[in-house]
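Below, each chain spelled out in residue letters.
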Amino acid sequence: QVQLVESGGGLVQAGGSLRLSCAASGSVSSITSMGWYRQAPGNQREFVARITSGGSSNYADSVKGRFTISRDSAKNTVYLQMNSLKPEDTAVFYCNARLRGFIDRWGQGTQVTVSS
């Protein structure tokens, strides 16, 4: 089993920055990639960014150039640096770990609120 614990959410003004962290524990050797998704009220959960075990990353168009995903393999932790935040970025952000066999594990979510 893989457990994920997110941290770093909060309230920030538009144009500000936040960094989210997601620490993985358990059977971390089974993780092939980790990513971030978000869900705003009334909306479906949507993809934000992903980074593979090899270090390749990809982003949703809505966050390209503003968000950066990174990882610290020694700490089994992935980060999401969010800059130039907009009110429309307000959502619950979820950490995702994709395991071998395309099995997904999710964190509990962390609230990000961007005020205008």
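So, here's what we can say about the structure. Counting starts from 1 at the beginning of each chain's written sequence and moves along it residue by residue. Whole-chain, interface and lining totals are the exception, using all residues; otherwise, since this is a predicted model, local features are given only for residues with pLDDT of at least 70 and side-chain atom pairs are given and counted only at 80 or more. Note that the side-chain values use all heavy atoms of the structure and ignore hydrogens as well as water.

## A look at the overall build of the chain
Formally: A run of H or I in DSSP becomes a helix once it reaches four residues, and a run of E becomes a strand once it reaches two; helices and strands are each numbered from the N terminus. The globule rule used here is 2.2 Å times the number of residues to the 0.38 power, and the radius of gyration it is set against is calculated over C-alpha atoms. For every residue, the accessible area (1.4 Å probe, protein chains only) is compared with the maximum for its type, and the residue is labelled buried under 20%, exposed over 50%, or partly exposed between those bounds. Two residues form a contact once any of their heavy atoms are found within 4.5 Å.
If you tally the helices and strands in the chain, you get 0 helices and 11 strands. In the chain, the succession of α and β elements from N to C terminus is β-β-β-β-β-β-β-β-β-β-β. A compact globule built from 116 residues would reach a C-alpha radius of gyration of about 13 Å, and the chain, at 13 Å, matches this within 12%. With respect to the three principal axes, the spread of C-alpha positions in the chain is 40 × 25 × 20 Å. Within the chain, the fraction of its 116 residues that count as buried is 41%. Here the analysis covers contacts within the chain between residues at least 6 apart in sequence; of these, 52% occur between residues at least 24 apart.

## A word on the pairing of strand β9 (residues 91-99)
Selection rule: Note: two strands are recorded as paired if DSSP finds a minimum of 2 bridges between them.
With respect to burial, β9 is a largely interior element, 7 of its 9 residues being buried. Note that strand β4 (residues 31-39) and β9 share 8 bridges and pair antiparallel. Bridged to Q39 within β9 is V92. Examined bridge by bridge, β9 and strand β11 (residues 110-115) share 3 bridges and lie antiparallel to one another. The residue of β11 that forms the bridge with A91 is V112. Looking at chain direction, β9 and strand β10 (residues 103-106) are connected through 4 bridges and run antiparallel. Within the sheet, the bridge partner assigned to R98 lies in β10 and is D104.

## Description of the nonpolar core
Side chains that are nonpolar tend, in soluble globular proteins, to be buried together. Note the cut-off: In this description, a nonpolar core means a group of buried Ala, Val, Leu, Ile, Met, Phe, Trp, Tyr and Cys residues linked to one another through side-chain atoms lying within 4.5 Å.
In this structure, M34, W36, L80, M82 and F93 are the most contacted members of the largest nonpolar core, which totals 30 residues. Those elements giving two or more residues to this core turn out to be β1 (2-7), β3 (18-26), β4, β5 (46-52), β7 (67-72), β8 (77-82), β9 and β11. If you tally residues by element for this core, the top one is β9, at 5 residues.

## Points about the pairing of β11
Here β11 shows a clear split, with T110, V112 and V114 buried on one side and none of Q111, T113 and S115 buried on the other. Across 4 bridges, strand β2 (residues 10-13) lies against β11 in parallel orientation. Bridge pairing in β11 links L11 to T113.

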